[in-house]
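Survey of secondary and tertiary structure
For reference, the chains in residue letters:
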Amino acid sequence: MSASAPANITRVCPTENIYLPRVAVLDRVLTEIPEVKTFYWRFENPVEQKAFKRFRPGQFAQVSLFGVGEFPTSLPASPTEDEVFFTVRQVGSCTSALHRLKPGDRFGVRGPYGNGFPMEEYYGKNLVFVAGGIGLIPLRSCIVYALQHRKKYGRIQIFHGSKTPRELMYLPNLREWEATDGVECYLTVDRPEGNWKGNVGVVGSLFTKPGVQVPVSDTVAFVCGPPVMFRYVIRDLLAMGMREQDIVSTLERYMKCGVGKCGHCCIGVAYVCVDGPVFTYEQIKALGEDI
Ligand SMILES: Cc1cc2nc3c(=O)[nH]c(=O)nc-3n(C[C@H](O)[C@H](O)[C@H](O)COP(=O)(O)OP(=O)(O)OC[C@H]3O[C@@H](n4cnc5c(N)ncnc54)[C@H](O)[C@@H]3O)c2cc1C
Ligand code: FES
């Protein structure tokens, strides 16, 4: 096994039975935004489906495309939802092979892996979700989980920004979430198109809009998105008084094994696949990743 976990990080060690890829069948495909599709699937063996669905928001799986390769992807469904699915941007050989699959086609899945977000530790706190572009994929699971345990959390705010209105992720979900009592949802785009009447600007520009009041005490901020967005949002949140240990994110690193064996995902002394991918900003800085 890999070296021991850094002192301030609790490592989640996968058990033997999740090392094996299992055969999954594609049920249906939904186009989310250009180049990004959601793949609804199930394991061939229903017993494996039941075991897999014990995953935590923020964990990930390794997907095998037979004859092509394997890649890590988040689990955007909440474990409390009926279906499991991946939402994947087509960027290279494996993700293109997944995008070519048709309902009924088979592929491999192993996992769930990684630590995930400790949603129970956040009971009683306000939750602020800040997502740039496809950064909403790993946060979707936490948002759905929080809404399904609504009474256990304080205020819930969702801030989401994309380049254009066509690239806003999970738009039907966003509309549903913003209609939920006690949930505030704020959207922005870099470039307005069509009949867009909403905010124009980077996602952090929403924090200071009239009527928006971001809570900073007893609050956890989930931040996911491209590095440049991450850097500016962190700066804004810290300036508003948030503590580094109350800001959480997921780190994307090249992965091979996903189970702490190969060292491909190492940052300093941490293995992103088993010590992460969820880290607090305080931990990210301690690992020398002050992006
Ligand atoms: C924990 C985790 C969760 C992820 N969740 C999702 C998700 O939910 N949806 C999604 O679309 N993608 C997700 N990714 C990214 C996804 O794993 C990569 O896009 C995928 O591995 C690309 O494989 P490929 O064979 O298609 O591309 P390749 O042919 O391997 O590469 C194509 C291009 O993408 C770049 N690239 C590949 N992998 C990465 C990476 N990990 N980080 C940065 N650049 C990379 C390469 O440098 C190259 O430019 C996640 C990654 C990690 C580590
Ligand atoms: S140690 Fe192999 S991917 Fe993390």
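For the structure itself, look to the data block above.
Residues numbered from 1 in each chain as written. Chains lettered and ligands numbered in written order. Predicted model: local features only at pLDDT ≥ 70, side-chain atom pairs only at ≥ 80, totals over all residues. Heavy atoms only, no water.

The strand order across the open sheet formed by 6 strands is β4-β3-β6-β1-β2-β5, and the pairing between neighbours is antiparallel. Each having just a single partner strand, β4 (69-74) and β5 (84-89) make up the two edges of the open sheet. For this sheet the average axis-to-axis angle between neighbouring strands, irrespective of direction, equals 40 degrees. Of the pairings in the sheet, the one linking strand β3 (residues 60-65) to β4 comprises 6 bridges and is antiparallel in character. By the bridge assignment, A61 is partnered in β4 with T73. (Pairing = 2+ DSSP bridges. Helix = DSSP H or I, 4+ residues; strand = E, 2+ residues; numbered from the N terminus. Axes fitted to C-alpha atoms, helices over the stretch in contact; angles between N-to-C directions.)

Now for the nonpolar core. Within the largest apolar cluster, 36 residues are counted, with the highest numbers of intra-cluster contacts made by V130, F159, V223, V233, L237 and I247. Where this core is concerned, the elements lending two or more residues are β7 (126-132), β11 (219-224), α5 (227-239), β14 (270-271), α6 (272-275) and α7 (281-286). Sorting elements by how many residues they give to this core places α5 first, with 5 residues. Both of domain 1 (16-113) and domain 2 (119-286) provide at least three residues apiece to this core. Residues contacting L237, with those up to four places away along its chain left out, are F207, A221, V223, M242 and I247. Listed in part, the 35 residues of the second largest apolar core include L127, F129, I143 and Y153. (Core = buried A, V, L, I, M, F, W, Y, C linked by side-chain atoms within 4.5 Å. Buried < 20%, exposed > 50% of the residue type's maximum accessible area, 1.4 Å probe, protein only. Domains from an automatic or database assignment. Contact = heavy atoms within 4.5 Å.)

This paragraph deals with the sheet that holds strand β9 (residues 183-189). Judged by pairing direction, the sheet is mixed, and its 7 strands sit side by side in the order β10-β9-β8-β7-β11-β12-β15 without closing on themselves. Both edges of this open sheet fall to β10 (199-200) and β15 (278-280), since each of them pairs with a single strand only. Here β7 runs beside strand β8 (residues 156-162); their pairing, made up of 6 bridges, is parallel. Opposite G132, over in β8, you have G161 as the bridge partner. Strands β8 and β9 of the sheet are contacted by helix α4 (residues 171-178), whose axis makes an angle of about 140 degrees with β9.

A few words now on the pairing of β11. Within β11, 6 of the 6 residues are buried, which leaves the element mostly enclosed by the surrounding structure. Along β11, one buried face is formed by T219, A221 and V223 and the opposite face, lined by V220, F222 and C224, is buried too. Here β11 runs beside strand β12 (residues 247-250); their pairing, made up of 2 bridges, is parallel. From the neighbouring strand, A221 faces β12, where its bridge partner is I247. Each parallel crossover has a hand, and for β11 linked through α5 to β12 it is right-handed. (Right-handed = clockwise from strand over helix to strand, strands pointing away.)

Purely spatial values, then, with no claim about function.
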